[in-house]
Amino acid sequence: MTPQGRRVAGRALAFLLLFCTPACSAHQPVAPRTSGDAPIARTVAPSTAPVPPRGRDDDDADEDDGRISTPIAPASARDAKKGVRIQRGRATYYADKFNGRATASGERYNPRALTAAHRTLPFGALVDVIRRDGRRVRVRINDRGPFKRGRIIDLSRRAAERIGLIKDGVTDVTLELIWKPSRRPR
């Protein structure tokens, strides 16, 4: 193909990508909702992708098994009532390389403390992490994360040892809110 033919082909491809993709339909006007409209139910189709094998040091793996965390009680864990199960998903634990590094709350990560990272619970909240086999551990939230789809909590090494997570690397858990600090006045 000649250089001029490549330019023409490139322009044609750019035209197709810019003007003939379904993404343009996202900019169509939407009729305003009225009070009589029913809310739209959103469902998530189960993933048909094969589940990758679980390893001991799953922190650096970029695979995603397609699971999505499931809120049980509230839309936001910050609004959860105390003493109720609030979320179901997968738990992991911090790698040893994070020992001594600052967490989002400002304190240093201590692998011997019973602490954890959660995306939305307030710092200082106490949560029971419960495995399907009934093993549980109570942890204090002091960091933000995990930021990988389907994972809801990152445990310290000691907390992971208490529920047998070290051997598995990743496991299904349910979170139960035990206590949370009162909201700060605005």
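Before going into details, it helps to say that this report is about the structure given with it. (Residues numbered from 1 in each chain as written. Predicted model: local features only at pLDDT ≥ 70, side-chain atom pairs only at ≥ 80, totals over all residues. Heavy atoms only, no water.)

1. Some remarks on the overall build of the protein chain
Reasoning step 1: From N to C terminus, the protein chain includes 3 helices and 7 strands.
Reasoning step 2: Shown N-terminal to C-terminal, the secondary structure of the protein chain runs as helices and strands in the order α-β-β-β-β-β-β-α-α-β.
Reasoning step 3: Burial analysis of the protein chain (186 residues in total) assigns 33% to the buried set.
Reasoning step 4: Long-range pairs, those at least 24 residues apart, make up 69% of the contacts in the protein chain between residues at least 6 apart in sequence. (Helix = DSSP H or I, 4+ residues; strand = E, 2+ residues; numbered from the N terminus. Buried < 20%, exposed > 50% of the residue type's maximum accessible area, 1.4 Å probe, protein only. Contact = heavy atoms within 4.5 Å.)

2. Comments concerning unusual backbone geometry
Reasoning step 1: Pro 146 follows Gly 145 through a cis peptide bond whose omega is -10 degrees.
Reasoning step 2: Summarising the element assignment, Pro 146 is placed in the loop between β5 (136-143) and β6 (151-155).

3. Considerations on the nonpolar core
Reasoning step 1: Counting 22 residues, the largest nonpolar core has Val 129, Val 139, Ile 153, Leu 155 and Leu 175 as its most contacted members.
Reasoning step 2: At the level of secondary structure, the elements contributing two or more residues to this core comprise β2 (85-93), β4 (126-131), β5, β6, α2 (157-162), α3 (165-168) and β7 (171-179).
Reasoning step 3: Discounting residues that sit within four places of it in the chain, Leu 155 has contacts with Thr 92, Tyr 93, Tyr 94, Thr 115, Ala 116, Val 129, Val 139, Ala 160, Ile 163 and Leu 165. (Core = buried A, V, L, I, M, F, W, Y, C linked by side-chain atoms within 4.5 Å.)

4. Things to note about the packing of aromatic side chains
Reasoning step 1: Summed over the entire model, instances satisfying the criterion amount to 2 aromatic pairs.
Reasoning step 2: Considering the side-chain rings of Tyr 94 and Phe 98, the 6.2 Å spacing of their centres and the 75 degrees angle between planes classify their relative orientation as edge-to-face.
Reasoning step 3: One aromatic cluster in this structure is built from Tyr 94, Phe 98 and Tyr 109. (Phe/Tyr/Trp six-rings, centres within 6.5 Å; stacked < 30°, edge-to-face > 60°.)

5. Things to note about the environment of Asp 172
Reasoning step 1: Looking at the element boundaries, Asp 172 is found in strand β7.
Reasoning step 2: Classification of Asp 172 by relative accessible area gives buried; the value is 15%.
Reasoning step 3: C-alpha separation for the pair Asp 172 and Gly 89, spaced 83 residues apart in sequence, amounts to 5.6 Å.
Reasoning step 4: Of the polar contacts made by the side chain of Asp 172, one reaches the side chain of Arg 90; its length is 3.5 Å. (Polar contact = N/O pair within 3.5 Å; in protein donor to acceptor, adjacent residues only side chain to side chain.)

6. A few points about the pairing of β7
Reasoning step 1: β7 sits mainly inside the fold: 7 of its 9 residues count as buried.
Reasoning step 2: As defined by bridge partners, β4 adjoins β7 across 6 bridges and the pair is classed as antiparallel. What sits directly across from Val 127, in β7, is Leu 177. (Pairing = 2+ DSSP bridges.)

7. Things to note about the pairing of β6
Reasoning step 1: Among the 5 residues that make up β6, 5 are buried, leaving the element largely enclosed by the rest of the structure.
Reasoning step 2: Where β2 and β6 come together, 4 bridges link them in parallel fashion. What sits directly across from Tyr 93, in β6, is Leu 155.
Reasoning step 3: Both strand β3 (residues 115-117) and β6 contribute to a ladder of 2 bridges, which runs antiparallel.

8. Section: the environment of Arg 149
Reasoning step 1: Within the secondary structure, Arg 149 sits in the loop between β5 and β6.
Reasoning step 2: Arg 149 sits 60 residues away from Gly 89 along the chain, and the two C-alpha atoms are 9.7 Å apart.

9. A closer look at the pattern of salt bridges
Where charged atoms from two side chains of opposite charge approach closely, those side chains can pair.
Reasoning step 1: Overall, the coordinates contain 10 salt bridges when judged by the stated rule.
Reasoning step 2: We note a salt bridge from Glu 176 to Arg 85, for which the minimum N-O separation is 3.5 Å. You can see Glu 176 sitting in strand β7 and its partner Arg 85 sitting in strand β2, a full 91 residues away along the chain.
Reasoning step 3: Residue Glu 176 is classed as buried on the basis of its relative accessible area, which comes to 14%.
Reasoning step 4: On the accessibility criterion, Arg 85 (41% relative accessible area) is partly exposed.
Reasoning step 5: The closest approach of N and O atoms between Arg 140 and Glu 107, which form a salt bridge, is 3.0 Å. Residue Arg 140 is found in strand β5, and its partner Glu 107 is found in the loop between β2 and β3; the two are separated by 33 residues along the sequence. (Salt bridge = Lys/Arg side-chain N within 4 Å of Asp/Glu carboxyl O.)

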